[in-house]
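Observations on the three-dimensional arrangement
Chain by chain, the residues run as shown.
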Amino acid sequence: MKLVFLGPPGAGKGTQAKIISEKFRIPHISTGDIFRENLKNSTHLGKKASEYMSKGLLVPDEVTNAMVEDRLKKKDCIKGYILDGYPRTINQAEFLDSIVKLDKVINFELNEDVIIKRISGRRTCKSCGTPYNILHNKPKTEGICDKCKGPLIQRDDEKPDVVKKRLLIYKDQTEPLINYYKNQKILVDVDAYPTIESVTGVVEKILE
Ligand code: AMP
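The structure reproduced in this document is the subject of the present report. (Residues numbered from 1 in each chain as written. Predicted model: local features only at pLDDT ≥ 70, side-chain atom pairs only at ≥ 80, totals over all residues. Heavy atoms only, no water.)

1. Observations concerning helix α3 (residues 44–53)
The condition is simple: Between buried and exposed lies partly exposed: a residue is buried under 20% and exposed over 50% of the maximum accessible area for its type, with that area taken using a 1.4 Å probe on protein chains only. Under the DSSP-based scheme used, a helix requires at least four consecutive residues in state H or I and a strand at least two consecutive residues in state E, with every element numbered from the N terminus. Along the arc lie the directions from the helix axis toward the C-beta atoms. Here a residue-residue contact requires only that any non-hydrogen atoms of the pair lie within 4.5 Å.
Where α3 is concerned, the buried positions are Gly46, Ala49, Ser50 and Met53. Angularly, the buried residues of α3 cover 110° about the axis, an arc narrow enough to put them on a single face. Summarising the geometry of α3, the exposed residues directed more than 90 degrees from the buried face are His44 and Lys47. Those residues of α3 that are buried lie in contact with α2 (31–40).

2. A few points about the sheet that holds strand β5 (residues 122–125)
How we decide: Should DSSP find at least two bridges between two strands, the strands are taken to pair.
Taking strand neighbours across the sheet as the criterion, the three strands line up as β6-β5-β7 in an open arrangement whose pairing is antiparallel. Each end of this open sheet is capped by a strand with a single partner; those strands are β6 (131–133) and β7 (152–153). Here β5 runs beside β7; their pairing, made up of two bridges, is antiparallel. Note that in β7 the partner of cysteine 125 across the bridge is leucine 152.

3. A word on the packing of α2 against helix α4 (residues 61–72)
To keep it simple, the criterion reads: Between N-to-C directions, angles cover 0 to 180 degrees, with each direction set by a line fitted to C-alpha atoms, over the stretch in contact for helices. Oblique is the label for every angle not falling under 35 degrees (roughly parallel), over 145 degrees (roughly antiparallel), or within 65 to 115 degrees (roughly perpendicular). The residue classification treats Ala, Val, Leu, Ile, Met, Phe, Trp, Tyr, Cys and Pro as nonpolar and Asp, Glu, Lys and Arg as charged. All others, Gly included, are polar.
Direction vectors running N to C along α2 and α4 enclose 100°, while the axes themselves pass 11 Å from each other. Classified by the interaxial angle, the pair formed by α2 and α4 is roughly perpendicular. Counting all contacts with α2, which are made through Thr31, Ile34 and Phe35, the residues of α4 involved are Thr64, Met67, Val68 and Arg71. For the contact of α2 with α4, a count of residues per class yields four nonpolar, two polar and one charged.

4. Topic: the sheet that holds strand β3 (residues 81–84)
Spatially, the five strands line up as an open sheet ordered β2-β3-β1-β4-β8, and their pairing is parallel. In this open sheet, the two strands that pair with only one neighbour each are β2 (28–30) and β8 (187–191). Pairs of neighbouring strands in the sheet enclose a mean axial angle of 25°, with direction left out of account. Along the sheet face, α2 touches β2 and β3 and points at about 65° away from the line of β2.

Below is the structure:
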């Protein structure tokens, strides 16, 4: 099962990818998470990516494609995987087509006002990375992680100005992928507005 979860930032594709990856026992590969992990470990890749990430810009295709190609060669990818946040440009999609044959692309749809509200509400534990949302997934104590008591922070790229820039880039560079995969007849649209559980239900039905 080789899947791509497509959609604007804030549509919940990461959350869904995590749940579906556990249910179907296939790895969840998020390019954003890999870049952030590299940044945390101060690798060369992490430093390079952070110049773009902090401004809400896309990391160059050559860097991202090479990183994904490496990841997909790992043993755990044999049975399939969920790509989350990749591809994000036509160049990346063409590169991906040149190395694998995808089974399905799930396109999570959500309107822009809701996206901005959702992303601006996100908080992440600085210590363990657990995600929260002050709108619908609050911690028990404000500003403090339920799991490890670490401080909750707002990522630079989740601040309103950067979110707007990311949305513009999404429209310009990533949205054309909807037609790209429609033409390949592997795209399925999913309304990302309902609760996490009901969206998961819809995605599971599609994959069964
Ligand atoms: P995400 O967590 O998926 O929103 O990704 C966070 C940031 O990582 C993005 O805003 C980009 O700067 C970078 N990034 C993640 N995936 C890609 C990709 N496929 N191509 C280019 N840049 C990416």
